[in-house]
Amino acid sequence: MAPRFTGKRVLLTGGASGIGRATADLFAAEGAIVTIGDIDIEGAQRAASETAGHAFAYDSRDPESAVLLAAKAAEAMGGIDILLNIAGIMTWGRIEETSPDAWKRTLDINLSGPFFLTQAAFPYLRESKGNIVNVASAGGLHAVYGTAAYGISKAGVISLTKAASLEFSNYGIRVNAVAPGGVATPMHEKSTAGGGVDPEIFSTAAARNMPKLTDRDACTPPEIAAAIAYLASDDARYATGTILVLDGGQTTG
Ligand SMILES: NC(=O)c1ccc[n+]([C@@H]2O[C@H](COP(=O)([O-])OP(=O)(O)OC[C@H]3O[C@@H](n4cnc5c(N)ncnc54)[C@H](O)[C@@H]3O)[C@@H](O)[C@H]2O)c1
């Protein structure tokens, strides 16, 4: 297949690990210049050195950090064609035991981060007629037991995707999202009874939210990266406001 992103200037968050790292690798392999923003600056620099890209410290809790990241990325690459909001955290806990701090941290990182980076990148995307892909979650489409704060943050990402697709269509900017189920990443490793989640919460969540495709191994980061790349490519020229679900059937009923 011909490379789809030759010369495209891609700003992505969360590139130090998991889905973000696999996405940085894929876009770089298809000719993109990639800038990574991540709170884990060492991991981001490692990924950038292996993809011939750029890395900057970024804390998605801080709107000012979003403004700086967009400006630095645009300066390093000469503009921005594609924004990929991937950074996020998982938060476990029933509603009655979710602290104000856990709630705020989850919403700040997972939802306010993409909102303010979208805002900060908008002038550059308007210039390039670029596009945005957000990483939501199957947990934003239905309730997963014991993950209310996380699910609400990801439902917000889905809403942000639709709102931005509506407003930005005036400028030719497409905005889409992927909604993965479980993906084998460091985040997912921690989301097990063995990884520190209350075994009762974990077993209840697992029993109620199994993928329907039970004949195959866990979904991998490159599989999600491939879906992100499709939405960001010209193959998806007519897609905006689309939520592409890759959850093995978890949310089908
Ligand atoms: N792994 C899954 O099962 C799964 C399922 C659905 C959705 N997702 C979503 O995919 C995205 C990537 O998750 P992953 O599984 O690759 O996790 P991961 O833990 O491997 O990677 C998350 C990345 O986000 C970065 N990050 C965390 N807090 C940050 C902050 N405040 N500012 C900037 N960067 C920050 C981390 O340093 C890390 O590089 C997340 O948004 C997650 O919610 C993951």
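In case you missed it, the structure is sitting above this.
Residues numbered from 1 in each chain as written. Predicted model: local features only at pLDDT ≥ 70, side-chain atom pairs only at ≥ 80, totals over all residues. Heavy atoms only, no water.

### Considerations on the pattern of salt bridges
Side-chain pairs of opposite charge can arise whenever the charged atoms involved come near each other.
Then, in step 1: Under the counting rule described, the total for this entry stands at nine salt bridges.
Then, in step 2: Note that Arg21 is salt-bridged to Glu50, the shortest N-O span being 2.8 Å. Separated by 29 residues along the polypeptide, Arg21 in helix 1 (residues 18-29) and Glu50 in helix 2 (residues 41-51) bring together distant segments of the chain.
Then, in step 3: Between Glu200 and Arg94 there is a salt bridge whose closest N-O contact spans 2.3 Å. (Salt bridge = Lys/Arg side-chain N within 4 Å of Asp/Glu carboxyl O. Helix = DSSP H or I, 4+ residues; strand = E, 2+ residues; numbered from the N terminus.)

### Describing the sheet that holds strand 1 (residues 9-13)
Then, in step 1: Spatial ordering of the open sheet is given by 3-2-1-4-5-6-7, a layout of seven strands whose pairing is parallel. Every other strand in the sheet has two partners, leaving strand 3 (54-57) and strand 7 (243-246) as the edge strands with one partner each. Geometrically, the sheet is characterised by an average inter-axis angle of 15° between neighbouring strands, direction not taken into account.
Then, in step 2: As judged from the five bridges shared by strand 1 and strand 2 (residues 33-38), these two strands associate in the parallel manner. When the bridges of strand 2 are listed, Leu11 appears paired with Thr35.
Then, in step 3: Packing of helix 8 (residues 221-232) onto the sheet brings it into contact with strand 4 (82-85), strand 5 (131-135), strand 6 (174-180) and strand 7, and relative to strand 6 it is tilted by some 165°. (Pairing = 2+ DSSP bridges. Axes fitted to C-alpha atoms, helices over the stretch in contact; angles between N-to-C directions. Contact = heavy atoms within 4.5 Å.)

### What to know about helix 4 (residues 100-128)
Then, in step 1: Look at helix 4: 40 Å from first C-alpha to last across 29 residues, which is about the 42 Å you get at 1.5 Å a residue.
Then, in step 2: Residue Phe122 marks the point of greatest curvature in helix 4, where the axis turns by about 50°; the proline Pro123 follows within four residues.
Then, in step 3: After helix 4 finishes, the residue Lys129 shows a positive phi value of roughly 50°. (Expected span 1.5 Å × (residues − 1). Bend = angle between axes of the 7 residues up to and from the residue.)

### Regarding unusual backbone geometry
Then, in step 1: Of note in the backbone geometry, Ala52 takes a positive phi value of approximately 55° without being a glycine.
Then, in step 2: Mapped onto the secondary structure, Ala52 falls in the loop between helix 2 and strand 3.
Then, in step 3: At Lys129, a position not held by glycine, the phi torsion is positive, near 50°.

### With respect to the site of the ligand
Then, in step 1: Neighbouring the ligand are 29 residues; Ser17, Asp38, Tyr150, Val183 and Thr185 lie closest to it.
Then, in step 2: The contact in question runs from a nitrogen atom of the ligand to an N or O atom on the backbone of Tyr58, over 3.4 Å.
Then, in step 3: In this structure, Thr185 approaches the ligand through a side-chain N or O atom, which is 2.5 Å from an oxygen atom.
Then, in step 4: About the coverage of the ligand: the protein hides 92% of its 830 Å² of free accessible area.
Then, in step 5: Contributions of two or more residues to the shell around the ligand are made by helix 1, helix 5 (148-168) and helix 6 (186-190).
Then, in step 6: Residue classes in the shell around the ligand are distributed as 15 nonpolar, ten polar and four charged. (Near = heavy atom within 4 Å. Polar contact = N/O pair within 3.5 Å; in protein donor to acceptor, adjacent residues only side chain to side chain. Areas by Shrake-Rupley, 256 points an atom, 1.4 Å probe, with all protein chains shown as cover. Nonpolar A, V, L, I, M, F, W, Y, C, P; charged D, E, K, R; others polar.)

### Notes on the packing of helix 1 against helix 8
Then, in step 1: It is the contact of helix 1 with helix 8, at a shortest axis distance of 8 Å, that shows an interaxial angle of 55°. In terms of orientation, helix 1 lies oblique with respect to helix 8. Helix-helix and strand crossings are classified by hand; for helix 1 and helix 8 the assignment is right-handed. Counted together, Gly18, Ile19, Ala22, Thr23, Leu26 and Phe27 of helix 1 and Pro221, Pro222, Ile224, Ala225, Ala226, Ile228, Ala229 and Ala232 of helix 8 form the full contact between these two elements.
Then, in step 2: A breakdown of the residues in the contact of helix 1 with helix 8 according to their chemical character gives twelve nonpolar, two polar and no charged. (Parallel < 35°, antiparallel > 145°, perpendicular 65-115°, else oblique. Left-handed = near helix turned anticlockwise from the far one by under 90°.)

### A closer look at the nonpolar core
Then, in step 1: In this structure, Phe27, Val34, Leu84 and Ile228 are the most contacted members of the largest nonpolar core, which totals 29 residues.
Then, in step 2: Top contributing element to this core by residue count: helix 8, with six residues.
Then, in step 3: Those residues in contact with Phe27 that sit more than four places away from it in its chain are Phe5, Val10, Ala32, Val34, Ile82, Leu84, Ile228, Ala229 and Ala232.
Then, in step 4: Judged by nonpolar contacts, the second largest core, of 20 residues, contains Tyr58, Ala66, Leu83 and Ile173. (Core = buried A, V, L, I, M, F, W, Y, C linked by side-chain atoms within 4.5 Å. Buried < 20%, exposed > 50% of the residue type's maximum accessible area, 1.4 Å probe, protein only.)

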